[in-house]
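Notes for the structure review
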Amino acid sequence: MKVLSGKGVYGGIAIGKISLFHRKSRSVTRYTVADGEAEIHRFRQAKAVAAEELTALYEKALRDIGESGAQIFEIHRMMLEDDDYTDAVLHAIRTEGVNAEYAVATAAENFSMVFSSMEDPYMQARAADIRDISHRLIRVLEGKGEEQMAPKEEPRIICADDLSPSETMRLDRELVAAFVTADGSVNSHTAILARTMGIPAVVAVGGQLMEARDGETVIVDGFAGRVYLSPDSQTLERMEEKRKEDQKEKDLLQKYKGMDNVTLDGTRIDIFANIQGLREVGAALLHDAGGIGLFRSEFLYLDRRDFPTEEEQFQVYKTVLQSMGGKKVVIRTVDIGADKQVGYFGLEREENPAMGMRGIRICLNRPSVFRTQLRALLRASVFGKLAVMFPMITSVSEVRDAMELATQVRQDLDREGIPCSNRTEWGIMIETPAAALISDRLAPLVDFFSIGTNDLTQYTLAMDRQNRSIAAFLDPHHEAVMRLIEMTVQHAHTAGKWVGICGELGADGELTECFLRMGVDELSVPPAYILRLRDKIRNLDLRNDQK
Ligand code: PEP
Ligand code: MG
């Protein structure tokens, strides 16, 4: 048995036989052409055919995986039409007198090098998209059709040095159990497609993969990012167990996908997803999230040396909003501090960071950091249904100050002629006992509340959420916390505002009935819990006495 490690891009276990995919060599010959204008005409025709192919792929993706996954091919079509890219090709044909294939290959190499050298991993991953559209153009110029992607009979596991997004889209879900690539990245469109299509996949396992034999047995563990070549019987047994469990979960998913979150007596509730970044948007969609209820934006600030720029943040917020296709996306402004420390913020060491400089306190103390994020959010607001919320609120003045800054940023953007949506909702997290207790005064200032039960519990019970040694004292359903939640819901509703729960208690099936009875409007939970909660809710009848 040989074990290869890479990056899991979609959780799932697949056991099967390998089908090695060697992309036909695309070495392009350079030759000079006598008639440059005729060569340009040939290039333009190839471009039109490539655009048609991309439209067909877009339509297939739209049918198979929906709007958000299909957008990738819309983006490819736009890249194909990009003026800079076209000009580079035309320029090479005109000035060097080279053939169109060679001009396209050179432009592809240059553009993909530019993307690869960018710092932002999202932009780096775009290099693969450029190569993909260029391969398509060259194939069309050579008069060849699309390559066969999958075996015709039993489901196989595709192993390739890399797969382009369009190759991934052409994988037949019935005949491809999983795929593994030697190269690739978790941010690539290929990875995003794998998640949207629900294909277990591991990328970046290294060149050893291509030493595997066609027909060899392989296990792909997309959860752990591991690949077992010719597995021993013990591993096979263990992974088969894991696969069955995973299958059970996926069957549930199929059964409840597309259904309402409604009890037997007709009470409805929204179930949204908690995410930390772009990577989980696919999981949110796959598990049928009604929206994003908590995007912990501080994850954009972690694991880096300097603040994310306005443009970097804008691109991420815009992508999430576009991917959610008009469903609500609640983005929480940065909640650094406490357990999420970031060196470049230069915060002083604190005895008790959970009660120190964190969340909205940092933002109000450093308006320039806050403004950058608010600008990025407001610029992105035109790309979907945005809601913004502030963390760690304890007072009326904090809400007023934060809203005032948001208004100023909005005015700046208006002056600069940058469009913003008028429909953006503004809310706050209720995660301190103070905020819950004065929620009647806070409700009129905002559009919604989202209850953060993780911090609300730690601050109400004076029990550090990080400290495992006090776990025995912690009652996660403590009456004090439940009363604060109920009070918050009532105050929100009195003011005509909606209220959700985005802390971990929202996913606690033992409390679902209780939250429904309180009138909570939305539960935001990790994606994998959405359909379990839907199952629970659809079997509840609030006309019965509470157990
Ligand atoms: C919470 O406190 O419940 C919450 C959702 O925020 P975080 O867990 O990110 O502190
Ligand atoms: Mg919190």
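Residues numbered from 1 in each chain as written. Chains lettered and ligands numbered in written order. Predicted model: local features only at pLDDT ≥ 70, side-chain atom pairs only at ≥ 80, totals over all residues. Heavy atoms only, no water.

Those protein atoms acting as donors to the magnesium ion (ligand 2) are Glu-431 (OE) and Asp-455 (OD), and they sit at 2.0 to 2.1 Å. One end of the pair, Glu-431, is in the loop between strand E13 (425–430) and helix H14 (433–437); the other, Asp-455, is in helix H16 (residues 453–461), and 24 residues separate them in sequence. Taken individually, Glu-431 and Asp-455 each receive the classification buried, so the pair is uniform in this respect. (Donors = N, O, S within 2.8 Å, 3.2 Å for Na, K, Ca; no water. Helix = DSSP H or I, 4+ residues; strand = E, 2+ residues; numbered from the N terminus. Buried < 20%, exposed > 50% of the residue type's maximum accessible area, 1.4 Å probe, protein only.)

Let's shift gears to the packing of helix H1 (residues 36–65) against helix H4 (residues 100–116). At a minimum axis separation of 9 Å, H1 and H4 run at an interaxial angle of 65 degrees. Between H1 and H4, the residues in contact are Glu-39, Arg-42 and Phe-43 and Ala-100, Glu-101 and Val-104, respectively. Considered class by class, the residues forming the contact of H1 with H4 number 3 nonpolar, no polar and 3 charged. (Axes fitted to C-alpha atoms, helices over the stretch in contact; angles between N-to-C directions. Contact = heavy atoms within 4.5 Å. Nonpolar A, V, L, I, M, F, W, Y, C, P; charged D, E, K, R; others polar.)

Along its sequence, the chain is organised into domain 1 (2–23 + 148–234), domain 2 (36–141) and domain 3 (270–538). Both sides of the domain 2 and domain 3 interface together cover about 430 Å² of buried area, and 59% of this is carbon and sulfur. For the pair domain 2 and domain 3, the interface holds 0 salt bridges. Run the count over domain 2 and domain 3 and you get 0 residue pairs in polar contact (both at pLDDT 80 or more). (Domains from an automatic or database assignment. Buried area = accessible area lost by both parts, 1.4 Å probe. Salt bridge = Lys/Arg side-chain N within 4 Å of Asp/Glu carboxyl O. Polar contact = N/O pair within 3.5 Å; in protein donor to acceptor, adjacent residues only side chain to side chain.)

Before going further, it helps to spend a moment on the packing of helix H10 (residues 310–323) against helix H12 (residues 367–380). Where H10 contacts H12, the two axes come as close as 8 Å, and the packing angle between them is 35 degrees. Viewed along their axes, H10 and H12 form a crossing whose handedness is right-handed. Contacts between H10 and H12 involve Glu-310, Glu-311, Gln-313, Phe-314, Tyr-317, Lys-318 and Leu-321 from the first element and Thr-372, Gln-373, Arg-375, Ala-376, Leu-377, Arg-379 and Ala-380 from the second. Of the residues contributing to the contact of H10 with H12, the split by class is 6 nonpolar, 3 polar and 5 charged. (Left-handed = near helix turned anticlockwise from the far one by under 90°.)

Because each turn of an α-helix spans 3.6 residues, side chains separated by three or four positions end up pointing in the same direction. Counting buried positions along H16 gives 8 out of 9 residues, so the element sits mostly inside the fold. What H16 keeps buried is the set Thr-453, Asn-454, Asp-455, Leu-456, Thr-457, Gln-458, Tyr-459 and Leu-461. Packing partners of the buried residues in H16 comprise strand E10 (292–296), H14, strand E14 (448–451), helix H17 (479–494) and strand E15 (498–501). Just downstream of H16 lies Ala-462, where phi reads positive at about 55 degrees.

Under the counting rule described, the total for this entry stands at 35 salt bridges. For Lys-242, the salt bridge identified is with Asp-221, shortest N-O distance 2.9 Å. Placement of the pair is Lys-242 in helix H8 (residues 233–256) and Asp-221 in strand E7 (residues 217–221), with a sequence separation of 21 residues. For Lys-242, a relative accessible area of 32% puts it in the partly exposed group. Salt bridges linked by common partners bring Glu-298, Arg-332, Asp-335, Lys-340, Arg-358, Asp-455 and Arg-465 together as one network.

A rise of 1.5 Å per residue sets the reference length of helix H5 (residues 121–141), with its 21 residues, at 30 Å; its end C-alpha atoms lie 31 Å apart and thus fit the reference within 8%. For H5, the buried fraction is high: 15 of the 21 residues fall into the buried class. One or two steps after H5, the chain reaches Gly-143, where phi turns positive at roughly 75 degrees. (Expected span 1.5 Å × (residues − 1).)

As a further point, take the sheet that holds strand E12 (residues 385–390). The 8 strands are arranged E9-E10-E11-E12-E13-E14-E15-E16 in a closed barrel whose pairing can be described as parallel. The average angle at which neighbouring strand axes cross in this sheet is 25 degrees, direction not considered. Two elements, strand E9 (residues 270–275) and E10, share 3 bridges in a ladder whose sense is parallel. The residue of E10 that forms the bridge with Asn-274 is Leu-294. (Pairing = 2+ DSSP bridges.)

With respect to spatial proximity, 14 residues lie near ligand 1, and among them Arg-296, Arg-332, Gly-452, Asn-454 and Arg-465 are the closest. In this structure, Gly-452 approaches ligand 1 through a main-chain N or O atom, which is 3.4 Å from an oxygen atom. Within the side chain of Arg-465, one N or O atom sits 2.7 Å away from an oxygen atom of ligand 1. In isolation ligand 1 exposes 290 Å². Once the protein is present, 98% of that is buried. Ranked by residues supplied to the shell around ligand 1, first place goes to H16 with 3 residues. In the shell around ligand 1, the residues fall into 3 nonpolar, 4 polar and 7 charged. (Near = heavy atom within 4 Å. Areas by Shrake-Rupley, 256 points an atom, 1.4 Å probe, with all protein chains shown as cover.)

The next thing to look at is the packing of aromatic side chains. Inspection of every chain in the model, using the stated rule, returns 10 aromatic pairs. Geometrically, the ring pair formed by Tyr-301 and Phe-345 is tilted, given 6.0 Å between the ring centres and 45 degrees between the ring planes. Of this pair, Tyr-301 sits in the loop between E10 and H10 while Phe-345 is found in the loop between strand E11 (328–332) and helix H11 (360–365), placing the two residues 44 residues apart along the sequence. When its relative accessible area of 1% is taken as the criterion, Tyr-301 is described as buried. We classify Phe-345 as buried; its relative accessible area is 3%. (Phe/Tyr/Trp six-rings, centres within 6.5 Å; stacked < 30°, edge-to-face > 60°.)

Right, let's talk about the nonpolar core for a bit. Generally speaking, soluble globular proteins have nonpolar side chains that are buried together. Within the largest apolar cluster, 83 residues are counted, with the highest numbers of intra-cluster contacts made by Phe-390, Ile-485 and Phe-515. Those residues in contact with Ile-485, other than ones at most four positions away along the chain, are Ile-451, Thr-453, Leu-456, Ile-501, Leu-505, Phe-515 and Met-518. Val-9, Phe-43, Ala-107 and Val-186 belong to the second largest nonpolar core, which has 51 residues in total. (Core = buried A, V, L, I, M, F, W, Y, C linked by side-chain atoms within 4.5 Å.)

For the rest of this paragraph, the subject is unusual backbone geometry. Backbone phi values are negative for most residues with the exception of glycine, while trans is the configuration of most peptide bonds. Even without a glycine there, the phi angle at Ala-204 is positive, about 55 degrees. Its location among the elements puts Ala-204 in the loop between strand E6 (201–203) and E7. Accessibility expressed as a relative area gives 32% for Ala-204, which makes it partly exposed.

Quick look at the side chain of Thr-190 now. Note that Thr-190 resides in helix H7 (residues 189–197). Not counting chain neighbours up to four residues away, the residues in contact with Thr-190 comprise Leu-163, Ser-164, Pro-165, Thr-168 and Phe-179.

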